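Results of the structural survey
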Amino acid sequence: MDEEETAGFSEPCSQCSEVNWRISDEGRFYCHSCHTAIERTRDVVDLDFSQGSSRISNVSRGPRTKKQDHGVSWSWCEGFQFILQQQAEALIRLGVTSDFRDSTLWPLWTLYLQRSGQAFNDAPSRPSNQGAKSDSDGEEACQFYSVGGSSVPESGCDWSDWSGSFSPWRRRSHSEVMTMCKTLALIHVCVLWNRECVTLSHLLKLVRGGHVPFLRASELLPDRMKFVGKKALMFNVKSFPSHRSVLLDAQHLVHFLQLPVFPPISREHPLHLMTLTLCYLMDANLPDQLHQWVCRVEDLSQQGSASSTLKDKGSAPFPPPYDLQAAALIIVTMKLLFGLDDHTEWDLSNNLEDQSADVFSLRRWYRIVHCALLRAQNREEELTARRHWKPTVPMARTDKERHLVLKRKRISEQVQSCFHRLSSPPCNLVTSDGPSIFSFCWGDGASSDGPSLHHQTLTHTHTHPVYWHRPLQPCNVRRCTGGHFLSDEASLPRSFLWLLQLFSFLLRVSTAELHQETLKLERRVFGCRTPSQGGTDALQEPQRKKKVIDLHNKSL
Amino acid sequence: MMDDLENEFGLKEEREGDDDSSDDNLSKGGRKSHLPLVNLKTAESSKKSDFHESTRICLERIRKAMLHHRWQEAAKYMVSFSQVLEETNRSKAPQTIELVWRISTEILHHLPNSTMDDYNIIYERMKHSGVRHYLTICLEKSFHLMLHGELENARRELSAGESWRYGKESASQHHNFTLIHAYRSLLDYIIWCDKKSLQSTHPNSEDDQSMHRYFKQAAVNLREVLKKPGVWDPFILCYIEMLEFYDDHEEALKILNNYAYDHSFPPNPNAHVYLYQYLKRHNAPEKKLIKVLKILQVLVPSHELMLEYISLLLQSERTNAVQKALEVALAMLDFKCWKRNLDVWRHLKAIIQQMQTQENCQEAVVAVMDQRKDWWSAFHFTSMHATQDVKDNPELFEIKSSLAKVLYPDQTLKYTAGS
């Protein structure tokens, strides 16, 4: 049957140069020798308009509705398993140890399936298909469960005893169904558990850059795997998850799986807070001398949180977001040293007697970094503009919807191919810069973003710094989604706002999230209570509060 | 500051028990007064997906590229923008389709390697995407084909559009239908012309019949179209030509009169021109011609047919004809375009000569010149005009200087040579 339909098409395959075409189940042409699929489909036979035909596609030969293969109905967890596998492999290719997949990811995944009643139960919530799967997909699936040894939680893991506490009022109403966002949460939990050198912001950056598969996830699934109804739409997302939402999902997952306390991160580990601050200082082209001030601020915040009623970090079930905290530390340090109220920092730069290349000048730093930031933001915007969200084979809930969805896909593809032919040089999908944790490259090389300022010394800083702070507003902690930034933004000093934007670009998080983290840090450093917790703190009053800090004399 | 006010009102409850001597503006008795502050939650909650963000940024870049005439770059971004056509939320679908259609055609106009096939792809796909723009795109495509000489294809396209129906959508677009009928008839006329010229060289009864068929098809539509108020100049000319060929004078006159005199049609000087030309071709009596030109004169006093009007008036024997001719001629010369035209001045001279044979010539001239005499001297009869006319057109100078004395009997104008 295939021969007569492909008889008219005799172009050689681009990969293997043979003419051996078959038609797949979706109606797509593919080369039988090397299994490369091409864009040609059976439905569209004649694209010739010169005769003035008003109908472009002929009715395809063969029945319009196809019977489902093997009579198997796939469940969502099987689909997500494929996706998780691909995501793990991508991370392993980027340098993460394969141990994270074998001894952490698969056991946690099986635990999740068991807890949510999808598998490994006496009565799983969907009909068991173990017998029907005799093809290669089934074999692959079985392999996952056998690798890693601990496919059943009882054997030798210490996850059954969980001593951490979890704040109940932080729990959102989550359903047990997996989503694409939750795959990232699960990966993050595993990465953190294994102490791999990937922070959440870095993971999200890799996802955005396309180095970890996330968009158009339905393309990752094998051809035979077809979903109907709502399940079909689960795999193709329309947005990237935010840092905060992945974090919340990860916390919920940890609570749901009843995991014990995470292993602590040692001072030498790349994921440690101080190491991350070094990393971000380097990326932001700030002098290395700044690090000692950052350490002092961190010590202040440790003292502050030790005396507060906040829970001890060691007993929290889920470690806090160190990447956001590191960035917040740097921001607060800069604010302490330079003021960042639109006047002090520029006065300091003006008053610098020694303008040589060895002394750090904020103005010079701002100019260099701002240029690079604009260029990088432009590249990022171009990447966003040319990102493809829609999969090659669109998913639809019902057959009727499928027909419409396919029609729109055809229209879009034809417009796309028309312009692809016309634009020269032929444009390929823009790929982001390599999967590096760093956004900028400072140095003297030809491809660098600017001269490096890491070696410079800090001579001129605030002698008696007066620390400004926005007046706080009382709000209901339970219902607060941290959306105060929108109202505050207009009244923040521009230098401070720019610094927030710089770091939110470096980490690829939203400025609002970073601002909230900065506020939290300030609360810890200055030992204040939040307004809702009551307390006698002077910040309750609706005036600008200024606190005089004398960093130089503070004893550690 | 806004924040301070908010805090004041929010914390007012705590302070109620304390001194209220300072709280004159706040209500007593515990009623909270709320200022109508902007609800920021709505701004945050109308979140669009990152997919919309991508397409929005892409569109912004396309717009910038097009504004700066960077057409290759715009084409490059269109490759990514086309995914917006797969949007599942159909509320914005018509706008999206229109956006893609118009941007695509604009880019194709400016790219050097765009072919007819590319245009066809875009037009066909956009036409069949939704129903709202079907007819408009159909018209635009046929215009494009006509501009590129593919008249047969254009005609076929318009025929397809004529037979398209889609419930409410087609009912609301009757003006599009009118245009489609009109242009299809125009194309029928062009084909008829081709066949006619073929007929004259190689007479053939078969062609004669098909010619007649095309005429019939065109006539049916045009008759309906020309009933609707509008400006139908090219169409009416084609129709009249065809009717003249088949000697249907009654119909032709009816159409032309309707076009010129029906008040529901917008005022159109060309309508009177066409009627006049038709009547002249068919040797209508002078009275009728004068009647038609009279209205034209009111509409467009500077029309070139006014010269013929003046000649007709001079030939007629009506009592006030010469007076009228004088008015018409002077009205013509009010306009800059006729200022140095020899014909008009000659006609004026002939009028004056004819008037001088009658009595009351001077009063008549003064009466007509009254409204324009204060500015006419500067307009026509300065020394600068004199030197120019002497140099370029001596005959004009002679005529003008002789007429100057008649038009301005009391004044001595500076219109002399060598000053």
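No experiment lies behind these values; they were computed from the predicted model shown.

Re the overall build of chain B
Looking only at helices and strands, chain B has 23 helices and zero strands in total. When the 419 residues of chain B are sorted by exposure, 46% land in the buried category. Excluding contacts between residues fewer than 6 apart, the proportion of contacts in chain B whose partners are at least 24 apart in sequence is 60%. If you sum the accessible surface of chain B, you get close to 22900 Å²; carbon and sulfur atoms cover 53% of it.

Here's the deal with the packing of aromatic side chains
Scanning the entire structure with this criterion turns up 34 aromatic pairs over all chains. Ring plane angle 55° and centroid distance 5.2 Å describe the contact between A:Phe240 and A:Trp389, whose orientation is recorded as tilted. Remark: A:Trp389 occurs in the loop between helix H12 (362–385) and helix H13 (399–422) and A:Phe240 occurs in the loop between helix H6 (200–209) and helix H7 (243–257); sequence separation between them is 149 residues. The same class applies to A:Phe240 as to A:Trp389, namely buried. Aromatic ring contacts, followed pair by pair, group A:Phe338, A:Trp346, A:Phe360, A:Trp365, A:Tyr366 and A:Trp498 into a single cluster. Above the plane of the ring of A:Phe505 lies A:Arg508, whose end atom (NZ or CZ) is 4.3 Å from the centre. Taking NZ or CZ as reference, B:Lys400 lies 5.8 Å from the ring centre of B:Phe381, over its face.

Observations regarding unusual backbone geometry
All names here are of chain A. At Arg195, a position not held by glycine, the phi torsion is positive, near 55°. By the element assignment, Arg195 lies in the loop between helix H5 (180–193) and H6. The class of Arg195 is partly exposed, set by a relative accessible area of 37%.

Things to note about the domain arrangement of chain B
Looking at the assigned domains, one finds that chain B contains domain 1 (1–13 + 50–130) and domain 2 (320–419). Each of domain 1 of chain B and domain 2 of chain B was reduced to a C-alpha centroid, and the two centroids are 63 Å apart.

Here we look at the interface of chain A and chain B
Contacts between the two partners involve 46 residues from chain A, matched on the other side by 44 residues from chain B. The junction of chain A with chain B conceals about 4600 Å² of combined surface from both sides, 57% of it contributed by carbon and sulfur atoms. Across the chain A-chain B interface, the total number found is six salt bridges. With a shortest N-O distance of 3.2 Å, B:Glu86 and A:Lys409 are connected by a salt bridge. Counting across the chain A and chain B interface gives 19 residue pairs in polar contact (both at pLDDT 80 or more). Elements with a contribution of two residues or more to the side of chain A that touches chain B: H12, H13 and helix H14 (485–488) of chain A.

Considerations on the confidence of the model for chain A
Residues and elements named next belong to chain A. On average, chain A scores 75 in pLDDT, and the residues at 70 or more come to 69%. No element of chain A has a lower mean pLDDT than helix H4 (residues 136–146), which averages 39, and none a higher one than helix H15 (residues 494–507), which averages 94. The low-confidence segment residues 44–57 (pLDDT under 50) makes 23 contacts with residues lying over four places distant or belonging to another chain. Of the regions scoring below 50 in pLDDT, residues 126–172 engages in 65 contacts with residues more than four places distant in sequence or in other chains.

Here's the deal with the environment of A:Leu500
Residues and elements named next belong to chain A. With respect to the helices and strands, Leu500 occurs in helix H15. In sequence terms Leu500 and His515 are 15 residues apart; their C-alpha atoms lie 7.0 Å from each other. Not counting residues within four places of it along the chain, the set of residues in contact with Leu500 comprises Ile331, Phe485, Leu492, Thr511, Leu514, His515 and Thr518.

Structural notes on the side chain of A:Lys205
Residue and element names in this part refer to chain A. Inspection of the secondary structure assignment puts Lys205 in helix H6. One buried charged residue, Lys205, forms no salt bridge at all, with the nearest opposite charge on Asp283 at 5.3 Å. A polar atom in the side chain of Lys205 sits 3.2 Å from the backbone oxygen of Ile437. When neighbours within four sequence positions are excluded, Lys205 is seen to be in contact with Ser436, Ile437, Phe438, Ser439, Leu506 and Arg508.

Structural notes on the confidence of the model for chain B
Residue and element names in this part refer to chain B. Summary statistics for chain B give a mean pLDDT of 85 and a share of 88% for residues scoring 70 or more. Scored below 50 in pLDDT, residues 40–45 makes four contacts in the model with residues more than four places away or belonging to other chains. Overall fold confidence (pTM) sits at 0.74, and the ipTM for the predicted complex is 0.74.

With respect to the nonpolar core
Counting residues in hydrophobic clusters, the biggest one holds 83 residues, and the most contacted among them are B:Leu326, B:Trp345, B:Ile351, B:Trp376 and B:Phe381. Among all residues touching B:Leu326, those that are not within four sequence positions of it are B:Leu348, B:Ile351, B:Ile352, B:Met355, B:Val365 and B:Val368. Counting residues in hydrophobic clusters, the runner-up holds 64 residues, among them A:Phe100, A:Leu221, A:Leu247 and A:Met395.

Quick word on the pattern of salt bridges
Enumeration according to the criterion identifies 36 salt bridges over all chains in this entry. A salt bridge links B:Lys196 to B:Glu241; the nearest nitrogen and oxygen atoms lie 3.6 Å apart. Of the two residues, B:Lys196 is situated in helix H11 (residues 174–201) and B:Glu241 in helix H13 (residues 233–245); the sequence distance between them amounts to 45 residues. Residues joined by salt bridges that share partners form a network here, namely A:Glu381, A:Glu382, A:Arg386, B:Arg61 and B:Lys76.

With respect to a nonpolar patch on the surface
On the surface, B:Tyr261, B:Ile295 and B:Leu299 cluster together to form a nonpolar patch covering roughly 220 Å² of accessible area. Residue B:Ile295 is classed as partly exposed on the basis of its relative accessible area, which comes to 32%.

Regarding the environment of B:Lys196
All names here are of chain B. According to the relative accessible area criterion, Lys196 is partly exposed, its value standing at 25%. For Lys196 and Glu224, which are 28 residues apart along the polypeptide, the C-alpha to C-alpha distance reads 24 Å. When neighbours within four sequence positions are excluded, Lys196 is seen to be in contact with Met211, Glu241 and Phe245.

Comments concerning the packing of helix H4 (residues 50–67) of chain B against helix H5 (residues 71–81) of chain B
A pair of packed helices is captured by two measures, namely the crossing angle of their axes and the spacing between those axes. Residues and elements named next belong to chain B. The N-to-C vectors of H4 and H5 enclose an angle of 160°; their axes lie 8 Å apart at closest approach. Between H4 and H5, the interaxial angle falls into the category roughly antiparallel. Crossing geometry of H4 relative to H5 is assigned as left-handed. On the side of H4, the interface is formed by Thr55, Cys58, Leu59, Arg61, Ile62, Ala65 and Met66, while H5 contributes Trp71, Glu73, Ala74, Tyr77, Met78, Ser80 and Phe81. When grouped by side-chain class, the residues that make up the contact of H4 with H5 number 10 nonpolar, two polar and two charged.

Here is what the cut-offs are and how they apply
Residues numbered from 1 in each chain as written. Chains lettered and ligands numbered in written order. Predicted model: local features only at pLDDT ≥ 70, side-chain atom pairs only at ≥ 80, totals over all residues. Heavy atoms only, no water. Helix = DSSP H or I, 4+ residues; strand = E, 2+ residues; numbered from the N terminus. Buried < 20%, exposed > 50% of the residue type's maximum accessible area, 1.4 Å probe, protein only. Contact = heavy atoms within 4.5 Å. Areas by Shrake-Rupley, 256 points an atom, 1.4 Å probe, with all protein chains shown as cover. Phe/Tyr/Trp six-rings, centres within 6.5 Å; stacked < 30°, edge-to-face > 60°. Lys NZ or Arg CZ within 6 Å of the ring centre and 35° of its normal. Domains from an automatic or database assignment. Buried area = accessible area lost by both parts, 1.4 Å probe. Salt bridge = Lys/Arg side-chain N within 4 Å of Asp/Glu carboxyl O. Polar contact = N/O pair within 3.5 Å; in protein donor to acceptor, adjacent residues only side chain to side chain. pLDDT = per-residue confidence, 0-100. Lys, Arg positive; Asp, Glu negative; His and termini not counted. Core = buried A, V, L, I, M, F, W, Y, C linked by side-chain atoms within 4.5 Å. Patch = residues over 30% accessible without salt bridge, like charges linked within 9 Å, V, L, I, M, F, W, Y side chains within 5 Å. Axes fitted to C-alpha atoms, helices over the stretch in contact; angles between N-to-C directions. Parallel < 35°, antiparallel > 145°, perpendicular 65-115°, else oblique. Left-handed = near helix turned anticlockwise from the far one by under 90°. Nonpolar A, V, L, I, M, F, W, Y, C, P; charged D, E, K, R; others polar.

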